[in-house]
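For reference, the chains in residue letters:
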Amino acid sequence: MIGTILIPGYSQPFAIRALLVLASLLAIACIGQTLVVILGGIDLSIPFVIGFANVVAAQLYGQQWNFAIVCLIVALIALLIGAFNGYVSRSLNIHPLIVTLGTGMVVQGAVLFWTAGFPSGSAPQAISDFVSIGGSAGPLPLPWVVPCVVILAAIVALILARTPYGRRLYALGSNPFAAPLALINPVGMWAVTFAISALFSAVTGVLLLGFTGSAYGDVGQPYLFQTIAAVVVGGAALIGGQGSYLGTIAGALVLTEINTLLIGLGFQPSAVQAALGAIIVALVSVYGRERHVSKTI
């Protein structure tokens, strides 16, 4: 309502499509963060893996590599990065904040060294069409990325609610000390979950390549706080054991609208980041007062 009143064209169909596309990209990046937070961890390597996938996909495709092979290579490396994060964090009992941030900086440094700071290349037209604001998915006046995220949300929600992996994830996040007594392998769960997080970060990086049209190593930096904020706004607790992907999607929509509104009103990016930080602090302070789920069992 505020945006419609204060910003010309805020509620026009094209603006709404743009908001949905941006929210969809954020929602994809948030899949892994949601799972990791439910587990009781946090993944700060997401923006670095996004940048890695963005640059590597562009460089290899620009060198005439088959794009399917490029995506496979990017996915495999991302899975290894994520599995390393989870394995080291849990097996050595090092806080994932430290491990993922350190790993992410190594990945960023390797990409900078490889490209000498000047990445090149682009994405196939099919990827650009998939995320194009002006595109359409058959009869729907929306690009394919939006309905695909809806389908993806249903799949993730089903996995969390109806599969052994989902039950183990919540159990381990709720009580990491009791979970091994239920024959849950903590190290394996952490490695798998962080690998999933890195995989969807890489997917986001490739889609952003199609969205922007060119490679940029820092393209994932806004997602550092946005993924955490979306998960927290969606109702997940950073202490683990609770949260849902549907809530995260709602948080992604809210944050994207707040970003769009603040930028439309002329706020600088630093002010937008400050607003996101304030949201995180406020919500964490509220959720931090709640009793952990392990205390209620």
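Note that the coordinates shown come from a computational prediction; the quantities given were computed from them, not determined experimentally.

Caption draft 1: Quick look at the overall build of the protein. Tallying secondary structure elements over the protein gives 12 helices and 0 strands in all. In the protein, the succession of helices and strands from N to C terminus is α-α-α-α-α-α-α-α-α-α-α-α. Overall, the protein is about 55 × 50 × 40 Å in size when its C-alpha atoms are taken along their principal axes. Counting every position in the protein, which comprises 297 residues, the buried fraction comes to 47%. Considering only contacts in the protein between residues 6 or more positions apart, those separated by 24 or more positions represent 77%. About 13900 Å² of surface is accessible on the protein, with carbon and sulfur atoms providing 71% of the total. Distance from the positive charge centre (8 side chains) to the negative charge centre (5 side chains) of the protein: 20 Å.

Caption draft 2: Examining helix α5 (residues 96-115) more closely. With 20 residues, α5 should reach 28 Å at 1.5 Å per residue; the first-to-last C-alpha distance of 28 Å fits that figure. Here α5 has its buried residues at P96, V99, T100, T103, G104, V107, V111 and T115. Projected down its long axis, α5 shows its buried positions confined to an angular sector of 125°, all on one face. Exposed and facing more than 90 degrees away from the buried side of α5 are I98, M105, V106 and F113. Looking at the buried residues of α5, the elements they touch are α3 (46-62), α4 (67-91) and α9 (186-212). Positive backbone phi, approximately 60°, marks A116, located one or two places after α5.

Caption draft 3: Examining unusual backbone geometry more closely. Positive phi values are uncommon outside glycine, yet Q64 reaches one of about 75°. By the element assignment, Q64 lies in the loop between α3 and α4. Despite not being glycine, L183 shows a phi value in the positive range, around 65°. A relative accessible area of 78% places L183 in the exposed class.

Caption draft 4: Spotlight on the packing of aromatic side chains. Tallied over the full model, the rule gives 2 aromatic pairs. Aromatic pair Y61 and F67: ring centres 5.4 Å apart, planes at 85°, arrangement edge-to-face. Residue classification places Y61 among the partly exposed residues on the basis of a relative accessible area of 28%. Arranged with centres 5.5 Å apart and planes meeting at 25°, the rings of W190 and F194 form a pair that is stacked. Residue W190 and its partner F194 are both found in helix α9; the two are separated by 4 residues, about one turn of the helix. Take W190: its relative accessible area is 8%, and that puts it in the buried class. On the accessibility criterion, F194 (1% relative accessible area) is buried.

Cut-offs applied
- Residues numbered from 1 in each chain as written.
- Predicted model: local features only at pLDDT ≥ 70, side-chain atom pairs only at ≥ 80, totals over all residues.
- Heavy atoms only, no water.
- Helix = DSSP H or I, 4+ residues; strand = E, 2+ residues; numbered from the N terminus.
- Buried < 20%, exposed > 50% of the residue type's maximum accessible area, 1.4 Å probe, protein only.
- Contact = heavy atoms within 4.5 Å.
- Areas by Shrake-Rupley, 256 points an atom, 1.4 Å probe, with all protein chains shown as cover.
- Lys, Arg positive; Asp, Glu negative; His and termini not counted.
- Charge placed at Lys NZ, Arg CZ, Asp CG, Glu CD.
- Expected span 1.5 Å × (residues − 1).
- Arc of directions from axis to C-beta.
- Phe/Tyr/Trp six-rings, centres within 6.5 Å; stacked < 30°, edge-to-face > 60°.

By themselves, these observations are geometric and do not establish any function.
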